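Listed below, chain by chain, are the residues.
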Amino acid sequence: MKLSHVGADFRIVARTYFRNPVALFFTLFFPIILIGMFGLIFSTVGSGTVTLEVVNEDHNPNGVGYTNVSVAFLDALNKTSVITVQLVSVSPQNFSTYLGQNDQTAGLVIPSGFQNDYLHHTPVNLTVYTNPEAAAAEGTVLGAVGGVANGFNLKAACNGGSCAPVIGFTSLNVGSQVYKYIDYLIPGLIGFAILTSPMFSMVDIASSYRKDGIFRELSLTPLTRSEWLTSRVLWYVMMTFVTAAIMIGTGVFLFNAHVTLTLGLVPFLIVGPFFFVSLGMLAGSVAKTPESAALIGNVITFPMMFLSGTFFQVSSMPPGLQEFAHILPLYYIIDGMNQVMLFTNISRAAFDLVVILVGSIIVFLLAIRLFKWRDE
Amino acid sequence: MLGLDPWNQGDALHRRIGVIPQDFRFFEKITPKEAIEYYRTLFHTHVDPVDLLRKVELSDKLNARYDTLSGGQKQKLGLALALTNDPEICFLDEPTTGLDPHARRAIWEVIRALKKEGRTVFLTTHYLEEAELLADRVAIIHNGRIIAAGSPLEIIQEHGQPARMTVEGSPALAAYLRMNLGSAAVEEDGKVSVTLRDKGDALKILTAIEESGLPWTSFTTTHDTLEDVFVRLVGQMDEGALKSEGAKP
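None of these values were measured; they are calculated from a predicted model.

The rules behind the values
Residues numbered from 1 in each chain as written. Chains lettered and ligands numbered in written order. Predicted model: local features only at pLDDT ≥ 70, side-chain atom pairs only at ≥ 80, totals over all residues. Heavy atoms only, no water. Helix = DSSP H or I, 4+ residues; strand = E, 2+ residues; numbered from the N terminus. Rg over C-alpha atoms; globule rule 2.2 N^0.38 Å. Contact = heavy atoms within 4.5 Å. Areas by Shrake-Rupley, 256 points an atom, 1.4 Å probe, with all protein chains shown as cover. Lys, Arg positive; Asp, Glu negative; His and termini not counted. Charge placed at Lys NZ, Arg CZ, Asp CG, Glu CD. 1 Å grid on protein atoms, 1.4 Å probe; cavity = no way out; pocket = protein on both sides within 12 Å on 5 of 7 lines; lining within 4 Å. Points joined across faces, edges and corners; volume = space filled by probe spheres on them. Nonpolar A, V, L, I, M, F, W, Y, C, P; charged D, E, K, R; others polar. Pairing = 2+ DSSP bridges. Axes fitted to C-alpha atoms, helices over the stretch in contact; angles between N-to-C directions. Buried area = accessible area lost by both parts, 1.4 Å probe. Polar contact = N/O pair within 3.5 Å; in protein donor to acceptor, adjacent residues only side chain to side chain. Buried < 20%, exposed > 50% of the residue type's maximum accessible area, 1.4 Å probe, protein only. Arc of directions from axis to C-beta. Domains from an automatic or database assignment. Salt bridge = Lys/Arg side-chain N within 4 Å of Asp/Glu carboxyl O.

A.B. asks: Before we go on, may I ask you to explain the overall build of chain A in this structure?
C.D. replies: What chain A contains, in helices and strands, is 15 helices and 5 strands. Relative to its length of 376 residues, chain A is extended, with a C-alpha radius of gyration of 27 Å against a globular reference of 21 Å. If you line up chain A on its principal axes, its C-alpha atoms span 95 × 40 × 35 Å. Put simply, 77% of the contacts in chain A that link residues at least 6 apart link residues at least 24 apart. When the accessible surface of chain A is totalled, it reaches about 16,700 Å², and 65% of it is carbon and sulfur. When the 17 basic and 20 acidic side-chain charges of chain A are each reduced to a single mean position, those positions are 18 Å apart.

Right under this line is the structure:
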C-alpha cells in the first residue's frame, strides 16, 4: 500500500465533498439539528419512579435472608409508589462506584445490626446516595426514605416510650455524575453518525461508481482497491471527529451536557468509521444493482439506527430487544463511548473496542476481497 | 503486449499503456487540472497538467469542474488522463461517439498528434470515415471476427468497386459511349455512369462525350469509401449466413 496513492485519493474525496453543498450541510448542521431536536424534546422528560439500589447488610443471625425490620423498611419504601427498591450484592465500600458505573442515581445502605439497634432504640444510621444534579430524583429519594424512617421512628416511640428518633440517615453523593437524557444522546448520536454517514455513502458509491464506470477508470491506474478503501476510511474518520466535536459542543453549550472528554474516545471514533465504511462497501459490492444495494444498506442500517442505543438506552428496552442489540455492531461502539464518556468503565470499553476492531478487520478484508474494479 | 503478459502483469502493463474507455466518466466535482495531478501521483510521473491539457486543446478548461464540461471536452479530458503516464500504446475506445462534428475533428487532431509522436494508437470506432482518415491500418470486425484488414486503400482496392465517372445525360449518350468506348455505360434517372478502369479513362470518356454532340452537364467521379466496403462486406456476410441458415434441413 502506497501512502502517496491514499493521499491523492483522499484529496479527491475531500474536494468532491467540500464542493457538494448537501454533504457539507449534513456534516456541519445535521449534527446540531439532531442534538438540538432530541435535546429539546427529551431534556425535560423525567421518569415516574426512582429506582433505589439497596445494599442490605442486615442479615438474620443465621446468615439466611434479611431481618424482618429491614425487609419491612424496604417494603414500606416500595409502597410509597415513587420508589422501586432493587436489592444488589455489592460491598458498601464499592457501592458508590457501582452506582456510577451502572447509571444509577440513588442508593441506600442498610447497615448490619439495623434491626437490633432499632428494637433496642439505639440510634442507627442509614446511608443514602443521591446526586444533587438529579434534583427531582434526589428529592424523591430523600423524601421517601425520610418519610418511611419517620414512620418507623414514631412506631419505635410508641413502643418504647422514648421520643428520640432511632433511624437517621446520612445523605451522600453517588460516585459519579448523574446522567440526563442529553448525556446519553451525545454518544448515541455520534454512533448514529458513525453508522449512517459511511454506510449510506459507501453503499451508494459502491454501486454508482461501478454503474458509471468510475471503478473501471480507476482500474486502469496503479491505485489498488485497498488503497482506495483506506482513503475512504480515513476520510470518514476525519468526518467523524468533526461531527463528534460539533455534537459534543452543541450538547455541552446548549443543554449543559456532561461528557468526559478522554483519549479513550479516540479509538471508537477511528474504529467505528473503519467498520461501517468497510460494511457499506461490502454491501454495495455484493449487490448487483444500485436499487438492491440501497435495499441491503437499509436492511443493515435501520435496525441498528434505533436499537443500538442511539436515541434510547439499550437498558431501557425489553429483554428480547436487549439481547438482539448485543448482536448489532453499533451497540459496541455506542456502549464503548458511553463507558469512556460517562461511566469511565475502561475494562468494559476495552472489551467493546476489541469486539468492534476484530469485526472491522474481518469486514474490511471481506470487502476488499469481494469488491471488484470491474465486473468479470 | 510490450513483452508483458496482460493477465499476469496487468499492473506493469498499465504503466506503459493509456486507455480511454468507451463513455469515459470521471468524478463530477473535480477539475481537469486536479484530475491530472491525481493521475500523476498514481503513475509517479512529472507531467505538467497545463502542458497536457494544451496538447488535448483543453487548457481553457483547466479549472472547470468535470460536470460543467461538454461531451467533447470530457472526452478530451479522458484522452489527457490516458496520456498522463506517457504511454507507448494508446487504446481509444470510440472516443468520438456522440460528439458534434467540431468536437470530433478536435479529437482527430489530438490523435494525429499522437501518431506524429510515434505512439501506437488503437482506435475502435463505428465511424468508417474516421478510420479512413486517421488509420495506417484498419481491421474490420464483424461478429467478433476480422473480415478485412490492411491499409484503408488496400481494403478499398480489394473489396470495393472500381471508380466511376457520372455525367447528367440521356440514354442515347449511354448508348453512344457503349458503342464507341466499349465500356459499361449505364443510364439511370438521367445520370450516365461509366466505370473507370485506369487514370487515362477519364480523359477518354470526356472526349467521347464531347464528340457525341449530345447534351450533357456536370460530371463527377466517385469511388468506394471504407464505409461502402464495410456495408457491402457485412451485407454479404449476413446474406451468406441467412442462406446457410435456410439451407439447413
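A.B. asks: Help me out: how do you make sense of empty space enclosed by the protein in this one?
C.D. replies: Gaps left between atoms show up when a probe the size of a water molecule is rolled over them. All names here are of chain B. Enumeration over the complete set of coordinates arrives at 1 cavity of 30 Å³ or more. By volume, the largest cavity amounts to about 70 Å³. Taken together, the elements giving at least two residues each to the lining of the largest cavity come down to β1 (17–20), α2 (32–43) and α4 (71–82). Top contributing element to the lining of the largest cavity by residue count: β1, with 3 residues. Considered class by class, the residues forming the lining of the largest cavity number 7 nonpolar, 3 polar and 1 charged.

A.B. asks: I would appreciate a short explanation of the sheet that holds strand β9 (residues 216–222) of chain B in the present structure.
C.D. replies: Hydrogen bonds between backbone groups are what pair the strands of a sheet, and the pairing can be parallel or antiparallel. All names here are of chain B. With antiparallel pairing, the 4 strands of this open sheet are ordered in space as β7-β8-β6-β9. What marks the edges here is a single partner per strand, and that holds for β7 (186–188) and β9. Direction aside, the axes of adjacent strands within the sheet are offset by 25 degrees on average. Across 3 bridges, the pairing between β7 and strand β8 (residues 191–195) is antiparallel. Within β8, the residue paired with Glu-188 across the bridge is Lys-191.

A.B. asks: Would you mind going over the interface of chain B and chain A with me for this structure?
C.D. replies: One frequently used descriptor of interface size is the decrease in accessible area upon assembly of the parts. Opposite the 22 residues of chain B that make contact, chain A presents 22 residues. When chain B packs against chain A, the two sides together hide about 2,200 Å² of surface, and 61% of this comes from carbon and sulfur. Contact with chain A buries surface across chain B, with Phe-27, Tyr-38 and Leu-42 of chain B losing the most and accounting together for 28% of the total. Taken together, chain B and chain A are joined by 8 residue pairs in polar contact (both at pLDDT 80 or more). Tallying contributions element by element places α2 of chain B first for the side of chain B that touches chain A, with 6 residues. Of the residues that constitute the side of chain B that touches chain A, the class distribution is 11 nonpolar, 5 polar and 6 charged.

A.B. asks: In this structure, what is going on with the layout of surface pockets? I would like to understand it.
C.D. replies: Residues and elements named next belong to chain A. The computed volume of the second largest pocket comes to approximately 990 Å³. Surrounding the second largest pocket, 37 residues form its lining, Tyr-17, Asn-20, Ala-23, Ser-201 and Tyr-236 being those nearest its centre. Within the residue set of the lining of the second largest pocket, elements represented by two or more residues are α1 (3–18), α2 (21–28), α3 (30–42), α8 (181–212) and α10 (225–255). Taken together, the residues of the lining of the second largest pocket break down into 22 nonpolar, 9 polar and 6 charged.

A.B. asks: Got a minute to help me understand the environment of Asn-116 of chain A in this structure?
C.D. replies: Residue and element names in this part refer to chain A. With respect to the element layout, Asn-116 can be found in helix α6 (residues 114–119). Accessibility expressed as a relative area gives 45% for Asn-116, which makes it partly exposed. Residues Asn-116 and Pro-187, spaced 71 residues apart in sequence, show a C-alpha to C-alpha distance of 47 Å.

A.B. asks: Before we go on, may I ask you to explain helix α8 (residues 171–181) of chain B in this structure?
C.D. replies: Structurally, the α-helix is built with 3.6 residues per turn, so residues lying three or four positions apart point the same way. All names here are of chain B. Among the residues of α8, Leu-173, Ala-174 and Leu-177 are the ones counted as buried. Around the axis of α8, the buried residues are gathered within 100 degrees of arc, so they sit on the same side. Opposite the buried face of α8, at more than 90 degrees from it, the exposed residues are Pro-171 and Met-179.

A.B. asks: Sorry, what's going on with the domain arrangement of chain A here?
C.D. replies: Residues and elements named next belong to chain A. Assigned domains within chain A: domain 1 (50–173) and domain 2 (181–370). Measuring from the centre of the C-alpha atoms in domain 1 to the corresponding centre in domain 2 gives 44 Å. Counting from both sides, the interface comprises 4 residues of domain 1 and, opposite them, 6 residues of domain 2. In this assembly, domain 1 and domain 2 are joined by 0 salt bridges. Where domain 1 touches domain 2, the interface holds 0 residue pairs in polar contact (both at pLDDT 80 or more). Of the residues belonging to the side of domain 1 that touches domain 2, the class tally is no nonpolar, 2 polar and 2 charged.

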